[in-house]
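As a plain string of letters, each chain reads:
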Amino acid sequence: MTPQEVLAELTALQAGDVPTHGGSTMAYVYDSGRVGIDHLAAAAQAAFQWTNALDPTAFPSVARIEDDLVGAAADLLGGGPATVGTVTSGGTESCLLAVLAARERWRARGGTGRPRLVLPVTAHAAFRKAAHLFDLEVVDVAVDPVTCRALPSAVAEALDARAALVVVSAPSYPHGVLDPVGEVAALAAAAGVPCHVDACIGGWVLPFLDDVPEPFDLSVPGVTSLSVDLHKYGYAPKGVSVLLTAEPELRQGHWFSTAGWPGYPVVNPTLAGTRPAGPMAAAWAVHRWLGRDGYAELARATRAATVALAEGAAAIPGLRVVGTPVATLVAIAQDGPDGVDVLHLADEATARGWLLQPQPPFAQPGGADLPATLHLTVTGATAVRVDALLADLADAACAAAALPPPVADPGLVAAAATIDPAALTVAEVDALLELAGVGGGTLPERMAPVHALVAALPRPVAERLLAGVLDLVYRPRRESAVSG
Ligand SMILES: *Cc1c(COP(=O)(O)O)cnc(C)c1O
């Protein structure tokens, strides 16, 4: 084959993907809408695609790129003279490392037993993954069911001697609202507990706005670390986030070094060994090109579009906006018992060419239930299409209103209640998924009944079935027919 033929094959694989550009995919991807970014980022990526960021002494260029990115983040987000940081592969890794560092600090200071991670329920799922990987116990803290913000009084109750870290979001992913960072950080500091601000999604937007209700960054007393994703509103291609720590001691807690093998001496600041430098170089180039002014312009235009979108969505009969969105995310919920079901709304939006992310209803441990919502991430490319989006949303709401509420199959729910998910084999999970309408790993066109089912199942069963879907999606394609 010629390289052209190979590339044509590869491009053909993308035919079934949601679009990465144009602003209609309102989760997963971040399109600035600026012509020129793609080409610049690709060229920067290409220049560094064979470089290994594993060893910044062999590749000083990489150290420089990382220092520039961390420095830019520290400047933007209230870093003090002692602030340091690490470039990671993404928000999840930044969150993981923040938890690891806090756990190591807790142990170093004499903590015994199993450390705890204090999480308002709206904190990103990455922190649950961190607790799972690094063996911390999650303390779920209910949020205010109306504002969806963390409740300082509830957080305070969880700040005991086993609390290794408390997390607040700026803003939260599910609802785009700002936690009371100052109040929580002060309570944490008084209790001697570090406080992480998860600004993965908002950290490259909020600093450029003039209507942010309160400070949220490293300048807030008590905040010890902060994460911000360059592959979100830094408008860099995938694979770059920054974890800032208020002081170098804390950063050491997530670094790993060993001389305990006969190979090369190892120092790894992140989870990876060999590290791609391409995404870092791309982020560096995009940052250098857009500059503060470019980001400020994009953030302000996108924020204005978000405000217009929120107002327009709230004016559609049967819909409301959850809480007070402070950045460029909006969560839309059903307004009143006769309002529009947002899981149906998601399907109707899909039919009209928009990906709006459905978020199932959530029963808060020790708190009032949170409603199902639709999550909309507004980027530069969506900002110029808000009128079209609102027109389609209104049309989709009418169509959704005409449908009966999605209900989970009562037989399946009853059967699931008796299941021990840990005892299920892969084949049994496959069979259950077949019954649930997602056999073969192909999702049905209308997902509302599936989301309703997930919400109705006991959480551990739902989690096992969700993993089962990916188990069906990821089946190796073998060139030779394998018998047996
Ligand atoms: C996106 C996000 C994360 C996780 O980041 P990934 O880059 O998807 O791994 C964590 N926290 C918040 C608030 C986010 O928006």
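Going along each chain's sequence as written, the residues are numbered from 1 onward. Thresholds applied to this predicted model are a pLDDT of at least 70 for local features of residues and 80 or more for the giving and counting of side-chain atom pairs; totals over whole chains, interfaces and linings are not thresholded and use all residues. Side-chain numbers here rest on the full set of heavy atoms in the structure, without hydrogens or water.

As recorded by an unreviewed UniProt entry, the protein carries the name Glutamate or tyrosine decarboxylase and is attributed to Geodermatophilus aquaeductus. What UniProt records for the protein under Cofactor (unreviewed entry) is the sentence "pyridoxal 5'-phosphate". Here the protein is described in UniProt, under the heading Sequence similarities (unreviewed entry), as follows: "Belongs to the group II decarboxylase family. Sphingosine-1-phosphate lyase subfamily." UniProt positions are given in the numbering used here, feature names are shortened, and annotations may be inferred rather than shown by experiment.

> Explain the sheet that holds strand β5 (residues 195-198) here, please?
Two orientations exist for strands paired in a sheet by backbone hydrogen bonds: parallel and antiparallel. With respect to topology, 7 strands assemble into an open sheet ordered β1-β7-β6-β5-β4-β2-β3, the strand pairing being mixed. Because the sheet does not close on itself, it has two edges, and the strands there are β1 (84-88) and β3 (137-141). Here the average twist between neighbouring strands, direction ignored, is 20°. We call two residues in contact whenever any of their non-hydrogen atoms come within 4.5 Å of each other. Axes, fitted as lines to C-alpha atoms, cover a helix only where it is in contact. Angles between the N-to-C directions of the axes lie from 0 to 180 degrees. Helix numbers and strand numbers start at the N terminus; a helix is a DSSP run of H or I with at least 4 residues, a strand a run of E with at least 2. Here helix α7 (residues 181-191) sits on the sheet in contact with β4 (163-169), β5 and β6 (223-229), set at roughly 170° to β4. Following DSSP output, two strands are said to pair if at least two bridges run between them.

> Is there a simple way to explain the pairing of β3 in this structure?
With 5 bridges joining them, strand β2 (residues 116-120) and β3 adopt parallel strand pairing. What sits directly across from Leu117, in β3, is Val138. Each parallel crossover has a hand, and the one from β2 via helix α5 (residues 125-134) to β3 is right-handed. Whether a crossover is right-handed comes down to one check: with the strands pointing away from the viewer, does the path from the first strand over the helix to the second run clockwise; if it does, it is right-handed.

> Could you clarify how one ought to interpret the environment of Met447 in this entry?
Residue placement: Met447 occurs in the loop between α14 (426-435) and α15 (448-456). For Met447 and Pro358, which are 89 residues apart along the polypeptide, the C-alpha to C-alpha distance reads 9.2 Å.

> In this structure, what is going on with the site of the ligand? I would like to understand it.
Put simply, a residue is near a molecule or strand once any heavy atom of it comes within 4 Å of that molecule or strand. Taken together, the neighbourhood of the ligand is formed by Gly90, Gly91, Thr92, His124, Tyr173, Asp198, Cys200, Ile201, Asp229, His231 and Lys232. Between an oxygen atom of the ligand and a side-chain N or O atom of Asp229, the distance comes to 3.4 Å. Distance and chemistry together define a polar contact, namely a pair of N or O atoms within 3.5 Å, with one atom able to donate a hydrogen and the other to accept it when in protein, and with adjacent residues in sequence counting only for side-chain atoms on both sides. Here an oxygen atom of the ligand sits 2.8 Å away from a polar atom, N or O, in the side chain of His231. To measure how exposed things are, a 1.4 Å probe is used in the Shrake-Rupley method; for residues, cover is taken only from the protein chains shown. Taking 380 Å² as the accessible area of the ligand by itself, protein coverage stands at 85%. Residue type decides the class: Asp, Glu, Lys and Arg count as charged, Ala, Val, Leu, Ile, Met, Phe, Trp, Tyr, Cys and Pro as nonpolar, and the leftover types, Gly among them, as polar. Broken down by class, the residue content of the shell around the ligand amounts to 3 nonpolar, 5 polar and 3 charged.

> Is there a simple way to think about the side chain of Gln359 in this case?
Of note, Gln359 is situated in strand β12 (residues 357-359). Burial classification: accessible surface area is computed with a 1.4 Å probe over protein chains only, and a residue below 20% of its type maximum counts as buried, one above 50% as exposed, and the rest as partly exposed. Overall, Gln359 belongs to the buried group, its relative accessible area being 12%. In this structure the side chain of Gln359 is engaged in a polar contact, spanning 2.9 Å, whose partner is the backbone oxygen of Pro174. The contacts of Gln359, once residues within four sequence positions are left out, are Tyr173, Pro174, Ala372, Thr373 and His375.

> What is the right way to read the packing of aromatic side chains from this model?
Any two aromatic rings considered together are summarised by their centre-to-centre distance and by the angle between their planes. Within 6.5 Å between ring centres, the rings of Phe, Tyr and Trp (the latter by its six-membered ring) count as paired, and their orientation is classed by plane angle as stacked under 30 degrees, edge-to-face over 60, tilted in between. Under the criterion given, the structure shown has 5 aromatic pairs. Ring geometry for Trp204 against Tyr295: centres 6.0 Å apart, planes inclined by 70°, an arrangement best described as edge-to-face. Of this pair, Trp204 sits in the loop between β5 and β6 while Tyr295 is found in helix α9 (residues 278-314), placing the two residues 91 residues apart along the sequence. Both residues of the pair, Trp204 and Tyr295, belong to the buried class.

> Could you clarify how one ought to interpret the packing of α14 against helix α16 (residues 459-473) in this entry?
Look at α14 against α16: their axes get within 9 Å of each other, and the N-to-C directions meet at 95°. Between α14 and α16, the angle falls in the class roughly perpendicular. Along its contact with α14, which presents Val426, Val429, Asp430, Leu432 and Leu433, the element α16 presents Arg464, Leu465, Gly468, Val469, Asp471 and Leu472. Taken together, the residues of the contact of α14 with α16 break down into 7 nonpolar, 1 polar and 3 charged. With respect to orientation, any angle under 35 degrees is reported as roughly parallel, any angle over 145 as roughly antiparallel, any angle of 65 to 115 as roughly perpendicular, and every other angle as oblique.

> Just checking my understanding: could you explain a nonpolar patch on the surface for this structure?
Exposure above 30% relative accessible area and the lack of any salt bridge qualify a residue for a patch; like charges then connect within 9 Å, and the nonpolar side chains Val, Leu, Ile, Met, Phe, Trp and Tyr within 5 Å. Only one rule defines a salt bridge in this text: a Lys or Arg side-chain nitrogen within 4 Å of an Asp or Glu carboxyl oxygen. Nonpolar side chains collect at one region of the surface, where Leu7, Leu10 and Leu13 lie side by side and expose about 340 Å² of accessible area between them. By secondary structure assignment, the location of Leu13 is in helix α1 (residues 3-13). Look at Leu13 and you get exposed, because its relative accessible area is 64%.

> Explanation requested: the pattern of salt bridges in the structure shown.
A side chain of one charge can pair with a side chain of the opposite charge when the charged atoms of the two come close. One pass over the full model with this rule turns up 18 salt bridges. Residue Arg116 pairs with Asp160 through a salt bridge whose shortest N-O separation is 2.4 Å. With a gap of 44 residues between them, Arg116 in strand β2 and Asp160 in the loop between α6 (152-157) and β4 connect regions that are remote in the sequence. The exposure class assigned to Arg116 is buried, which follows from its relative accessible area of 18%. You can call Asp160 partly exposed: its relative accessible area is 31%. Here Arg475 and Asp471 are joined by a salt bridge, their closest N and O atoms 2.6 Å apart.

> How do you make sense of the packing of α9 against helix α12 (residues 386-401) when you look at a structure like this?
The geometry of a pair of packed helices is captured by two quantities: the angle between their axes and the separation between those axes. At a closest axis distance of 10 Å, the pairing of α9 and α12 adopts a crossing angle of 20°. Considering the angle they form, α9 stands roughly parallel to α12. α12 is crossed by α9, and the crossing has right-handed handedness. The residues of α12 that touch α9, namely those facing Ala305, Ala308, Leu309, Gly312 and Ala313, are Val386, Leu389, Leu390 and Leu393. Looking at the contact of α9 with α12 residue by residue, the class counts come to 8 nonpolar, 1 polar and no charged. By convention, the crossing between two helices is left-handed when the near helix turns anticlockwise from the far helix through less than a right angle, and right-handed when the turn is clockwise.

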